[in-house]
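Okay, here's what each chain looks like letter by letter:
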Amino acid sequence: MSDGNVTAVQGVKNLGWRVTFAGMGINLALGILYTWSVISKEIPEDWGWTQTDKSWPYSIACLVFCLVMVPAGRMQDRIGPRIVATLGGILVGIGMIVASTTTSSFGYIIGFGVLAGAGIGFGYASATPPAVKWFSAARTGLIAGIVVSGFGLASVYAAPLTKWLIGAYGLPTTVMILGIAFLVVVVGLAQLLAAPPKGYVPASPATASATAPRPKAVDFTPMQMLGTVQFYLLWFMYACGAGAGLMVIGKLSDIGKLQAGVELGFVLVAALAVGNGAGRILAGMASDKFGRQQTMFGCFVLQAILILLLSRATVGSPLASTIVLALVSALIGANYGANLALFPSITKDYYGLKNFGVNYGLVFTAWGVGGFMLALLAGKLYDKYQTFAYAYYGAATLLVMAAVVTFLVKSPHAAAERAEAPQPAAEGQTS
């Protein structure tokens, strides 16, 4: 049965693609987070910021973003995505405006880190859940990948736009312009978000792949999910995969300039953004066909290799050219972006749709903790040793560990079914 037939039977207009692209548009605006690499590089020397100071606003934004995803996900599950995404747009705008009025690291921590970070969390939590609910399980990876690709692609336009605005109007005015613009865009697109009515059952496409069977649909409450070992294994893998990517994203312009002698840092950021967005869609599609764990394993291993390659990109080496660094950056972005499609998809597979917003919010805390720890660590290690090498080696080690864990994580449904199955009577025992 086609999607159109199901819509007619149920008397509900299928808004799936409208919601999907509205969510993608919201994420294109919320991806302002990834412009920090350009913003931090343009902070005037007379402001007196160290590399550690430049790490704090971005690290706090990542941490607040992920922590807000939990209450935002619960709100999205209960009152719908439109109101929650609208609140997110308002907070992002206010946060950027606040940051534009200060020259202190603390001011940017409050504006960019706390307020804008919270706004990103509210908006992001509202984009994917309503979209995947309009489609069958066979398309979960694809739809999640499309929605979150907006966040990764944001730097394609935001990085050069930010660079141009700073050159034309200065840093404070640029930050204010971005805040006002993204407030308008996010609040406007939020009005297009809607979840399907209760009882809506999407059709499975006739071309659904049989190579990656989906687990039986069971809705876990947040507490039930926290009682499964799979949650902690997923959390660890997500923290490793996302943290390694965020570490590079937050320092990419500085890596190009300080380590490789490349001045066109915004080109590297844009290349990483293209890979980031494309990787989310491609990984989502691959996981629908080949399986989530198999796709995760490939991404973790390749990311470890790429980060080790990046560690060798020093002045005078063949890797230290803009073209080569742009290619490596794009591939690092693709493998990082894959996490943002794979983990919401596997959360839905394992724990169901009913509490998907808050459940994925809890899983997503790994993204913020990983990003906070590794991004901040990279700045501190550079200040101490004047090299990013130690951060690279640590991130690569974590990625290898995450790859190993993919062999250990299994669907919680099989264990639950075994526990509920009637047990054979003990020898000599009668029923």
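Residues numbered from 1 in each chain as written. Predicted model: local features only at pLDDT ≥ 70, side-chain atom pairs only at ≥ 80, totals over all residues. Heavy atoms only, no water.

A word on the overall build of the chain
The criterion, for reference: The way it works is that DSSP assigns letters per residue, a run of H or I at least four long becomes a helix, a run of E at least two long becomes a strand, and they are numbered from the N terminus. Should any heavy atoms of two residues lie within 4.5 Å, those residues are considered in contact. Accessible surface area values rest on a Shrake-Rupley calculation with a 1.4 Å probe, where residue burial reflects the displayed protein chains alone.
When helices and strands are tallied, the chain shows 17 helices and zero strands. For the chain, contacts bridging at least 24 residues in sequence account for 87% of all contacts bridging at least 6. Carbon and sulfur atoms provide 69% of the accessible area of the chain, an area that totals close to 16,900 Å².

Concerning the side chain of Thr295
Test applied: For the exposure calls, accessible area comes from a 1.4 Å probe over protein chains only, and a residue counts as buried if that area is under 20% of its type's maximum, exposed if over 50%, partly exposed in between.
Summarising the element assignment, Thr295 is placed in helix α13 (residues 292-311). The buried category is assigned to Thr295, whose relative accessible area is 10%. Non-local contacts of Thr295, meaning those with residues more than four positions away in its chain, are made with Ala283, Ala286, Ser287 and Leu342.

A word on the packing of aromatic side chains
Stated formally: A pair of Phe, Tyr and Trp rings is counted when the ring centres sit within 6.5 Å of each other, with Trp represented by its six-membered ring. The angle between the planes then sorts it: under 30 degrees is stacked, over 60 is edge-to-face, the rest tilted.
Inspection of every chain in the model, using the stated rule, returns 25 aromatic pairs. With a centroid separation of 5.0 Å and an interplanar angle of 70°, the aromatic rings of Trp17 and Phe135 are classed as edge-to-face. Here Trp17, found in helix α2 (residues 16-30), pairs with Phe135, found in the loop between α7 (128-133) and α8 (140-169); they are 118 residues apart in sequence, far enough to count as distant. Look at Trp47 and Trp49: their rings are 5.9 Å apart centre to centre, the planes differ by 50°, and that puts the pair in the tilted class.

Focus on the nonpolar core
Heads up, the condition is: What we call a nonpolar core is a set of buried Ala, Val, Leu, Ile, Met, Phe, Trp, Tyr and Cys residues that are connected through their side-chain atoms within 4.5 Å.
The biggest cluster of nonpolar side chains holds 131 residues, and the ones touching the most others in it are Leu33, Tyr124, Tyr238, Tyr360, Phe364 and Trp367. Filtering out sequence-adjacent residues up to four positions away, Trp367 remains in contact with Leu33, Tyr34, Cys62, Phe65, Cys66, Tyr238, Ala242, Leu246, Tyr336 and Leu340.

A closer look at helix α16 (residues 389-405)
Quick note on the threshold: Every helix has an expected span of 1.5 Å times one less than the residues it contains.
Across its 17 residues, α16 extends 25 Å between first and last C-alpha, which sits within 8% of the 24 Å expected from 1.5 Å per residue. Every buried residue belonging to α16 is among Ala389, Ala391, Tyr392, Ala395, Ala396, Leu399, Ala402, Ala403 and Val405, and all of these are buried.

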